[in-house]
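Fold and contact review
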Amino acid sequence: MNPDIVKERQNASFDVQKLTYILDGGPEKTKRRREIESLVLNDPDFDEEDPNFLSRSERYEQAVRKSAQMILKLREYGISDPAEINCYKRTVHLGRSEPLDLHLGMFLPTLLNQATPEQMDRFFMPAWNLEIIGTYAQTEMGHGTHLRGLETTATFDPTTQEFVLNSPTVTSIKWWPGALGKTSNHAVVLAQLYTRGKCHGLHAFIVQLRHMDTHEPLPGILVGDIGPKFGFSEVDNGFLKLDHVRIPRENMLMKHAKVEPDGRYVKPASAKLTYGTMVFIRSLLVGLSALVMAKSCTIAIRYSAVRHQSEIRSGEPEPQILDYQTQQYKLFPLLATAYAFSFVGQYMTETYYRISGDINQGDLSELPELHAVSAGLKAFTTWTTNTGIEVCRMSCGGHGYSRSSALPDLYAEFTPTCTYEGENTVMMLQTARYLVKSYRQAKAGEQLRGIMSYLNDMEQRHVRAHPASARPALVDINDLSDLVESYKLRAATLVESAAKSIQQELQKRRSHEDAWNNSAIDLVKASDAHCHYMVVKLFTDKLSEIGDPDINLVLTTLAQLYALHGIALNSGDFLQAGLLTVPQMQQIPVRIKELLCLIRPNAVALVDAFDFPDKVLSSVLGRYDGNVYENLFEWARRSPLNATEVHESFHKYLKPLRELKPQSKL
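First, a word on scope: everything that follows refers to the structure included in this document. (Residues numbered from 1 in each chain as written. Predicted model: local features only at pLDDT ≥ 70, side-chain atom pairs only at ≥ 80, totals over all residues. Heavy atoms only, no water.)

Attention now goes to the sheet that holds strand β7 (residues 221-225). If you trace the three strands from one edge of the open sheet to the other, you get β4-β8-β7, paired in antiparallel fashion. Of all strands in the sheet, those bounded by a partner on one side alone are β4 (174-175) and β7. (Pairing = 2+ DSSP bridges. Helix = DSSP H or I, 4+ residues; strand = E, 2+ residues; numbered from the N terminus.)

Here it is in structure tokens:
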């Protein structure tokens, strides 16, 4: 063990194991997670060649091999709980995306949410047994997040009781779905439904793409891989062009919406029910954001504890770079964010399953809020994490640029989350639509419930934010409950500001569409503030559940840092809303520095609590034992370029240059 990393762990003021239990949701869940990880990490069938040294085709093949083994092992061990399957899969592929991601994460959940009992009998068990391998073909070359703009058509032919699926334009070609290129033999295809000469909007259809024995594409289907990408080298993201492909009427997923044999359309109880899979994935992405932020912080903080650089005092030994205040200011707010997002991820999972249960019982009352919350938090957490990974990479100096650090791959693998399952700006605007609607309801005297209840009592809020003395309301920056209140009032102020902007645009005789577009910057800010408030509130609420005083103290310090750092970054909002004074704002950087000092002794222990095995972390810089340099050298020596002492290009191109005699010119 590196002595620096040993010293860091000895400085911890809390029991790391107990904090791991909190992050996992209890000792039994930690025990079970470790059991599942051990099943994978000790299984030679999952050994792999370092993907950094493989071609894309080799990476895809290795991932397919491991995915096939994974399915066999899941059956052998009888693992069927979705959370446990996800844990097993994540460990098999070490956090990288893989060819069966959409089959397990979208194709099967779509069947569960949208298929009738008869369709479940036909499709689900074959899909569960991987006779059917499916993907989710929604995005097109010309349209993604704007679902109403999708151009693929599904026209019902009552004479044959079939739907005719067609890609009428180049831009209607399905583009980007994972596993579409080479892996899948079926797809859930999202298409505009036409029956009796009328379009009924987007609906889901099961389409067989390839022959079940030969795997050759079926007639009318042009399908393939879209080529190399920024990341996702193991995944065959694909294209799909449909040329009047006929499928049986029964292949339309009809749990909610139906087309009768005579072509009559029966609409669903709620149009949002058809978007259940997307809401599910958005909820998962909040948890993924926490996981990736935690990995990035683990790598950067452990490396910062063993890396010595420059001088603080002339003539003294080079200090650990974690002792530099600037390094702490880069990393500790991100560490606080990782913890905040972990607790928000727990909340989203619980909320999704609770509301899904209500929906299955016919109660759709909370569906709009679930849709809005999942959209906004998906955008908020993925944007923050995407930026955070790069800060962690840069904080590792030159070695962070090496793929041995794992940080370049973490960034490349994570950054698509900002666009898939809804481009983030559009997601924020979807949340804003719900916020403005809720504001108008509260303004009309309706009492809002749940997370939106902070928009009630608008007049009282104005009195608090703008008291009669004309002095701003005072907030104790050391009191977390006061900080939560200030975030709440900031969110309410910005929601109101956005709603008023729309109203002002309408008074200028703008159309509703133009008024919305001309207020879009305000609307995104309002959504961002709403999500920020939710994260601060949920982090603070979690503290009340933690009885261990040592853990409660260190997490309270992180929560304060998260809240104050957010205020510092958005100081104008809090000042303009009259929530803080200028002198208070000047005290916040002082308090942040104090919190950095308090966190410093526990920094390594706090990342240890995330409990990533070295193999899962896949980072030379983030090794648990801290022995970075020896292993960095060994990693480099495994490069294929070092397979021979002299590369063949020397003999082909460089040596002949030496043998050419320069010709003099007169």
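Once you've had a look at it, read on.
Tallied over the full model, the rule gives 16 aromatic pairs. On the basis of an interplanar angle of 40° and a centroid distance of 5.1 Å, the ring pair of Phe53 and Trp635 is categorised as tilted. In this pair, Phe53 sits in the loop between α3 (27-41) and α4 (56-77) while Trp635 sits in helix α22 (residues 628-637), placing the two residues 582 residues apart along the sequence. Judged by its relative accessible area of 14%, Trp635 is buried. Put simply, the rings of Tyr339, Phe343, Phe539, Phe610 and Phe612 pair up and form one aromatic cluster. Directly above the aromatic system of Tyr624 lies the positively charged group of Arg9, at a separation of 3.6 Å from the ring centroid. When the ring centre of Trp516 is taken as origin, the NZ or CZ atom of Arg433, which lies over that ring, is 4.1 Å away. (Phe/Tyr/Trp six-rings, centres within 6.5 Å; stacked < 30°, edge-to-face > 60°. Buried < 20%, exposed > 50% of the residue type's maximum accessible area, 1.4 Å probe, protein only. Lys NZ or Arg CZ within 6 Å of the ring centre and 35° of its normal.)

Right, let's get into helix α19 (residues 582-599). Over its 18 residues, α19 extends 26 Å from the first C-alpha to the last, a length consistent with the 26 Å expected when each residue adds 1.5 Å. Of the residues making up α19, those classed as buried are Gln584, Met585, Ile588, Arg591, Ile592, Leu595, Leu596 and Ile599. Residues of α19 that are buried sit in contact with α9 (325-360), α17 (549-569), α18 (571-576) and α20 (603-608). (Expected span 1.5 Å × (residues − 1). Contact = heavy atoms within 4.5 Å.)

Looking now at the packing of α9 against α19. Between α9 and α19, the least distance of the axes is 10 Å, while the angle of their chain directions is 80°. Taken together, the axis directions place α9 and α19 in an arrangement best described as roughly perpendicular. Contact residues: α9 offers Gln325, Gln328, Tyr329, Phe332 and Leu335, while α19 offers Ile592, Lys593, Leu596, Cys597 and Ile599. Taken together, the residues that form the contact of α9 with α19 break down as seven nonpolar, two polar and one charged. (Axes fitted to C-alpha atoms, helices over the stretch in contact; angles between N-to-C directions. Parallel < 35°, antiparallel > 145°, perpendicular 65-115°, else oblique. Nonpolar A, V, L, I, M, F, W, Y, C, P; charged D, E, K, R; others polar.)

Moving on: the nonpolar core. In terms of nonpolar packing, the biggest core is built from 120 residues, with Ile301, Leu335, Tyr339 and Leu555 touching the most fellow members. At 13 residues, the largest contribution of residues to this core is made by helix α16 (residues 520-543). With near-sequence residues (within four places) excluded, Ile301 lies in contact with Leu322, Leu331, Phe332, Leu335, Ala603, Val604 and Val607. In terms of nonpolar packing, the next biggest core, distinct from the first, is built from 43 residues, Ile71, Val188, Phe280 and Leu285 among them. (Core = buried A, V, L, I, M, F, W, Y, C linked by side-chain atoms within 4.5 Å.)

A separate point is a nonpolar patch on the surface. A surface patch of nonpolar side chains, about 480 Å² in accessible area, is lined by Tyr653, Leu654, Leu657 and Leu660. One can find Leu654 in helix α23 (residues 648-659). With relative accessibility at 47%, the residue Leu654 sits in the partly exposed group. (Patch = residues over 30% accessible without salt bridge, like charges linked within 9 Å, V, L, I, M, F, W, Y side chains within 5 Å. Areas by Shrake-Rupley, 256 points an atom, 1.4 Å probe, with all protein chains shown as cover. Salt bridge = Lys/Arg side-chain N within 4 Å of Asp/Glu carboxyl O.)

Alignment of strand β5 (residues 186-195) against strand β6 (residues 198-208), held across nine bridges, turns out to be antiparallel. Opposite Val189, over in β6, you have Phe205 as the bridge partner. Turn length for the β5-β6 hairpin, with the two strands adjacent in sequence and antiparallel, is two residues, and the turn residue Arg196 shows positive phi of about 55°.

Note that side chains of opposite charge can pair when their charged atoms are close. Scanning the model with the defined rule gives 40 salt bridges in all. The salt bridge partner of Asp45 is Lys73, with a shortest N-O separation of 2.8 Å. Of this pair, Asp45 sits in the loop between α3 and α4 while Lys73 sits in helix α4, and the two are 28 residues apart along the sequence. Assessed through its relative accessible area of 31%, Asp45 is described here as partly exposed. The class of Lys73 is buried, set by a relative accessible area of 11%.

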